[in-house]
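One letter stands for each residue in the lines below.
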Amino acid sequence: MIIISYFYIGIDDTDSPEGMCTTFLACHIIRQLEKKGISIIGYPRLIRLNPFARFKTRGNGGVSFKINNDDKVPLAKEIVLNEVSKLSMFDCENTNPGVVFYDGEITKEMEEYAYRAIYSFITIDEAEKFGKSAGCEIHKFKKGRGIIGSIAAISLPLEDYTYELLTYRNPENYGSKRKINYDSVVEMDEKTYPDTFENIDYSENYIAIEPKTPCPVLYGVRSNNAPILKKARDIIKVDENIDGYCIFLTNQHTDMHIQKADYISQMEQFGCYEIVSTVKDTPHVINGGHMFFTVYDDSGEIECGAYEPTKNFRKTVSYLRPGDVIKLYGGIGEQNTFNIEKFQMIAMNDVEYKNPVCKCGKRMTSAGKNKGFKCKKCGNKFKSSDKIPVKVQRFLENGKFYETPVSARRHLSKPVCRL
Ligand code: ATP
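Computed from a predicted structure; not experimentally measured.

### With respect to a positive patch on the surface
A grouping of Lys362, Lys374, Lys376, Lys377 and Lys381 is seen on the molecular surface, where their side chains present a positively charged patch. Mapping Lys377 onto the fold places it in the loop between strand S21 (373–374) and strand S22 (381–382).

Printed below as a string of structure tokens:
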């Protein structure tokens, strides 16, 4: 039996809000490696980690890729370290690159570490200690915080996965308005959805493939399979030169950040969960346009929020009624509020209890405690004090999922079209 051994390379924390992007740097490095006859095996991976990580620039993503473990490894290492030291945004205080090399099998412990990097917080020291014990070669630049994500990007197993095609701009265009033909994006969406998704937010008239930051990315298209991305790229028209592109295998839109909670009291701040609970009060809007309501179960209750950036989703949330049983997906943020990403209606409370209606057509009023009801118009009496169940018209459906718009969606959130 031939045992194939790979050499893994993980890179993270090279960019800043002013520029660069770790995917671009990885893509650039892969091109340099190819020039020296070193090919990567499979797709490079873009791994999104804990959405609540404090020092993230945008979407908390680390990158990894693998090559054959042969005599070209020393040259590959030299190229990677050189390019990371040359191109990282070192001027930014919060840019602390980390590069990790690893050869061998990905162990159970490494996989567990990667899940921890999605579900909880890891310190630089912890990552370094763990990485060394696992046999990783660790390279820290400045504080080297990037090693946390680099080890995870190498180690995370991907049972569910998606792809993202990233195209990059010519450096002379960085920071300027991107010249993307929006009609062609609509055409691409029409011809490739739902194999591709998150392209356009029609409710907000928002082209989601275009980043809003000055980074090197021109556009990114997300998909369930890789071949469809070629078709998407052929349809999208742009009026500027493209400086290469790369397809990444990724855990984006897999709900990998979501853990199943059986009870509200199990959930912790900065964790992301799926939980079934009952709506306690009518959703209400507070300052800033955020919409809140509370859910409960036998173990306790928690306030849920659909924040202003979720736009029309707030309207959907406003249709919830006390007594509705819903499955919520989301995370508990700074304010200890459950920030909803999507919900499923499990059992709708579509009954309201009202005073009976008199023969004359007027709704009766209470005749006093335990004295039944009376009609103010014609004086008719009704002995029973039991209110009458009335079916309420609802704008939600049992079993159906409702999600935040594309413009407000987390990288890791699984869209309903992928469920
Ligand atoms: P971009 O998506 O544009 O590449 P980013 O949002 O990924 O940027 P980074 O520059 O990678 O941001 O910074 C995120 C930092 O957080 C990295 O140093 C990474 O190692 C670290 N990090 C990732 N996951 C965790 C975690 N679970 N606990 C603590 N730190 C983490």
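There is more to say after this.
### Considerations on the sheet that holds S21
Within the open sheet, the three strands sit side by side as S20-S21-S22. Their pairing is antiparallel. Pairing within the sheet leaves two strands with one partner each, and these edge strands are strand S20 (365–366) and S22.

### Focus on the sheet that holds strand S10 (residues 217–223)
Spatial strand order, S5-S4-S1-S3-S2-S11-S6-S10-S7: nine strands in an open sheet with mixed pairing. Each of the sheet's edge strands pairs with one partner strand only, and the pair in question is strand S5 (137–140) and strand S7 (196–197). As paired elements, S7 and S10 share two bridges and run antiparallel to each other. Looking at the pairing, Thr196 lines up with Ser223 of S10.

### Things to note about the domain arrangement of the chain
Once the domains are mapped, the chain shows domain 1 (6–155), domain 2 (162–167 + 182–250) and domain 3 (259–350 + 394–418). A C-alpha centroid distance of 25 Å is found between domain 1 and domain 2. Facing 15 residues of domain 1, the contacting portion of domain 2 comprises 18 residues. Carbon and sulfur atoms make up 68% of the area that domain 1 and domain 2 hide from each other, which totals about 1,300 Å². The largest contributions to the domain 1 side of the interface with domain 2 come from Tyr43, Pro44 and Leu46, which together make up 37% of the buried area. At the boundary of domain 1 and domain 2, one finds one salt bridge. A salt bridge links Arg31 to Asp243; the shortest N-O distance between them is 3.7 Å. Taken together, the links from domain 1 to domain 2 amount to four residue pairs in polar contact (both at pLDDT 80 or more). The greatest single-element share of the side of domain 1 that touches domain 2, amounting to five residues, is contributed by strand S2 (residues 40–48).

### A look at the nonpolar core
Membership of the largest hydrophobic core comes to 46 residues, with the highest contact counts inside it found for Tyr113, Val185, Met188, Ile209, Tyr219, Val221 and Ile236. Per element, the largest residue contribution to this core is six residues, and it comes from helix H5 (residues 146–155). Both of domain 1 (6–155) and domain 2 (162–167 + 182–250) provide at least three residues apiece to this core. When near neighbours in sequence (up to four residues on either side) are disregarded, Ile236 contacts Ile180, Ser184, Val185, Met188, Ile209, Tyr219 and Val221. The next biggest cluster of nonpolar side chains, apart from the first, holds 33 residues, and it includes Leu25, Leu46, Val73 and Ala76.

### Here's the deal with the pattern of salt bridges
Summed over all chains, the structure comprises 22 salt bridges. A salt bridge links Lys77 to Glu137, with the shortest nitrogen-to-oxygen separation between them at 2.7 Å. In this pair, Lys77 is assigned in helix H2 (residues 73–87) and Glu137 in strand S5, connecting sequence segments 60 residues apart. Looking at Lys77, the relative accessible area reads 21%, which means it is partly exposed. For Glu308, the salt bridge identified is with Lys311, shortest N-O distance 2.6 Å. Bridged by salt links that share partners, the residues Glu128, Lys132 and Lys140 form one connected network.

Reading guide: rules and limits
Residues numbered from 1 in each chain as written. Predicted model: local features only at pLDDT ≥ 70, side-chain atom pairs only at ≥ 80, totals over all residues. Heavy atoms only, no water. Patch = residues over 30% accessible without salt bridge, like charges linked within 9 Å, V, L, I, M, F, W, Y side chains within 5 Å. Areas by Shrake-Rupley, 256 points an atom, 1.4 Å probe, with all protein chains shown as cover. Salt bridge = Lys/Arg side-chain N within 4 Å of Asp/Glu carboxyl O. Lys, Arg positive; Asp, Glu negative; His and termini not counted. Charge placed at Lys NZ, Arg CZ, Asp CG, Glu CD. Helix = DSSP H or I, 4+ residues; strand = E, 2+ residues; numbered from the N terminus. Pairing = 2+ DSSP bridges. Domains from an automatic or database assignment. Contact = heavy atoms within 4.5 Å. Buried area = accessible area lost by both parts, 1.4 Å probe. Polar contact = N/O pair within 3.5 Å; in protein donor to acceptor, adjacent residues only side chain to side chain. Core = buried A, V, L, I, M, F, W, Y, C linked by side-chain atoms within 4.5 Å. Buried < 20%, exposed > 50% of the residue type's maximum accessible area, 1.4 Å probe, protein only.

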